[in-house]
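Take a look at the letters that make up each chain.
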Amino acid sequence: MENIFRVIKNSWRNFTRNLWISISAMFMMFVALSVIGGLFLFDASLKTFVSGLQDRVDVSAYFTKGTAEEEIIAVKTQLENRQNVKSVQYISENMALDIFTERHKDNEVLINSLDELDDNPLQASLNIRVHNPAQFDKEVAFLENSSASEYIDSINFKENEEVINSVSQISANVSKGGFAFILGLGLLVILVTLNTIRIAIYSAREEIYIMKLVGASNWFVRMPFVLTGAWYGLIAGLFVVLFSYLGTWALHSRVSLIFADIDLYGYLVQNFLVYFALVMGAGLAIGTVSSWVAVRRYLNV
């Protein structure tokens, strides 16, 4: 226990001896851990945002004029029994007219033109929503190849296909880009920490020489420098957690005004232990690994 205490004490001495260099290393660590924590929160908010978009994306199948309501309800029932279909809403011709009139009530020319027509020009339709928008084409193919196809005039899938595909690709692309960015930044932090530990080893060269003269083991000499890197990661991680908590608390009301479904502060509070473990664990791992590499490379005992 006495040796462990001395190792910890020596590691803290290494940390404070080169304070400005330690601060620069911690700043780089802070940036890297902020990106890691930020991507964790961004990924959560992105999933919420994408989920909200998926709930709003639908495909409408329009039926020819005069199609019996019983035929449309039969198609609706078939769709509702399909595994990927989340909901199917039936909009009759009269309902479509009411919706159109309400939406364009301020356009007098359009409303007057509609009043001049003898018949309702709008078609009955089924609005289809699915659990996975990437599978919309299967539901469209089902409709086009079913016995109900003779009643279907058009399906607006092609108009929505680009939006559907974009929504499906957002999460995957951001995750790949975020991982590559974290990897590059992590390598930069390791290089900075490695050189910081190298300077600390050079500054303590006389102490190292004396310790070896009095019979100190290689472990006793090396571990303080390894722990110094761990200090960088732990302290930087604590600052990242603190700033994340305060930042999301200060901004959550403004963010919610723009994106009603996103509550970063609430998500952080609910998953605080996971976030804390992620940031602190990443900081400890990066600091320890980079300092261990530096010790193995530059400290010959």
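Refer to the structure printed above.
Scoring rules and cut-offs
- Residues numbered from 1 in each chain as written.
- Predicted model: local features only at pLDDT ≥ 70, side-chain atom pairs only at ≥ 80, totals over all residues.
- Heavy atoms only, no water.
- Core = buried A, V, L, I, M, F, W, Y, C linked by side-chain atoms within 4.5 Å.
- Buried < 20%, exposed > 50% of the residue type's maximum accessible area, 1.4 Å probe, protein only.
- Helix = DSSP H or I, 4+ residues; strand = E, 2+ residues; numbered from the N terminus.
- Contact = heavy atoms within 4.5 Å.
- 1 Å grid on protein atoms, 1.4 Å probe; cavity = no way out; pocket = protein on both sides within 12 Å on 5 of 7 lines; lining within 4 Å.
- Points joined across faces, edges and corners; volume = space filled by probe spheres on them.
- Patch = residues over 30% accessible without salt bridge, like charges linked within 9 Å, V, L, I, M, F, W, Y side chains within 5 Å.
- Areas by Shrake-Rupley, 256 points an atom, 1.4 Å probe, with all protein chains shown as cover.
- Salt bridge = Lys/Arg side-chain N within 4 Å of Asp/Glu carboxyl O.
- Pairing = 2+ DSSP bridges.
- Axes fitted to C-alpha atoms, helices over the stretch in contact; angles between N-to-C directions.
- Lys, Arg positive; Asp, Glu negative; His and termini not counted.
- Charge placed at Lys NZ, Arg CZ, Asp CG, Glu CD.
- Arc of directions from axis to C-beta.
- Expected span 1.5 Å × (residues − 1).
- Phe/Tyr/Trp six-rings, centres within 6.5 Å; stacked < 30°, edge-to-face > 60°.
- Lys NZ or Arg CZ within 6 Å of the ring centre and 35° of its normal.

A word on the nonpolar core. Core analysis: the largest hydrophobic core is formed by 27 residues, its most contacted members being M29, L33, V189, I197, Y232, Y275 and V279. Listing elements by their share of this core, those giving two or more residues are helix 2 (19–56), helix 7 (157–203), helix 9 (218–258) and helix 11 (272–298). Top element by residues in this core is helix 2. It accounts for nine residues. Other than its neighbours up to four places away in sequence, V279 contacts L33, G37, G237, V240 and V241.

Reported here for the largest pocket is a volume of approximately 360 Å³. Lining of the largest pocket is provided by 14 residues; of these, Y62, I91, A96, R103 and S125 occupy positions nearest its centre. Of all elements in the fold, only strand 1 (59–63), helix 4 (93–103) and strand 3 (125–130) reach the threshold of two or more residues within the lining of the largest pocket.

A contiguous nonpolar surface patch, about 570 Å² in accessible area, is contributed by F239, L242, F243, Y245, L246 and V269. Looking at the nonpolar patch, the element that brings in the most residues is helix 9, giving five residues. By the element assignment, V269 lies in helix 10 (residues 264–270). Judged by relative accessible area, V269 falls into the partly exposed class, the value being 43%.

For the rest of this paragraph, the subject is the sheet that holds strand 2 (residues 85–91). Pairing is antiparallel across the open sheet formed by four strands, whose spatial order is 2-3-1-4. Here the strands that pair on one side only, and so sit at the sheet edges, are strand 2 and strand 4 (152–155). Strand-to-strand, the axes of this sheet are offset by a mean angle of 20°, without reference to chain direction. Each of strand 1, strand 2, strand 3 and strand 4 touches helix 6 (residues 136–145); the most contacted strand, strand 3, lies at about 145° to it.

Here we take up the pattern of salt bridges. Tallied over the full model, the rule gives three salt bridges. Between K65 and E93 there is a salt bridge whose closest N-O contact spans 3.3 Å. Of the two residues, K65 sits in the loop between strand 1 and helix 3 (69–80) while E93 sits in helix 4, which places them 28 residues apart along the sequence. K65 sits in the partly exposed class, given a relative accessible area of 41%. A residue is classified by how much of its surface remains accessible, and E93, at 24% relative accessible area, is partly exposed.

Here we come to a negative patch on the surface. On the surface, E69, E70, E71 and E150 cluster together to form a negatively charged patch. Its location among the elements puts E71 in helix 3. On the accessibility criterion, E71 (33% relative accessible area) is partly exposed.

We now examine helix 6. Along helix 6, the positions that sit buried rather than exposed are F136, E139, V140 and L143. Along the long axis of helix 6, the arc covered by the buried residues comes to 100°, so they all point the same way. In helix 6, the exposed positions angled more than 90 degrees off the buried face are occupied by K138 and N145.

Let us now look at helix 3. Compared with an ideal rise of 1.5 Å per residue, which puts twelve residues at 16 Å, helix 3 spans 16 Å between its outermost C-alpha atoms and is within 8% of the ideal. If you check which residues of helix 3 are buried, you get I72, V75, K76 and L79. Looking straight down helix 3, one finds that the buried residues subtend no more than 105° of arc, so they occupy a single side. Buried residues along helix 3 sit against strand 1, strand 2, strand 3 and helix 6.

A few words on the packing of aromatic side chains. Applying the stated criterion across every chain, the model contains three aromatic pairs. For the pair F239 and F243, a centre-to-centre distance of 6.5 Å together with 35° between the ring planes defines the contact as tilted. Taken together, the residues F239 and F243, both in helix 9 and four residues apart, mark about one turn of the helix. Relative accessible area serves as the criterion here: at 44%, F239 is assigned to the partly exposed category. Pairwise contacts between aromatic rings join F30, F239 and F243 into one cluster. Positioned above the aromatic ring of F142, the side-chain terminus of R82 is 4.3 Å from the ring centre.

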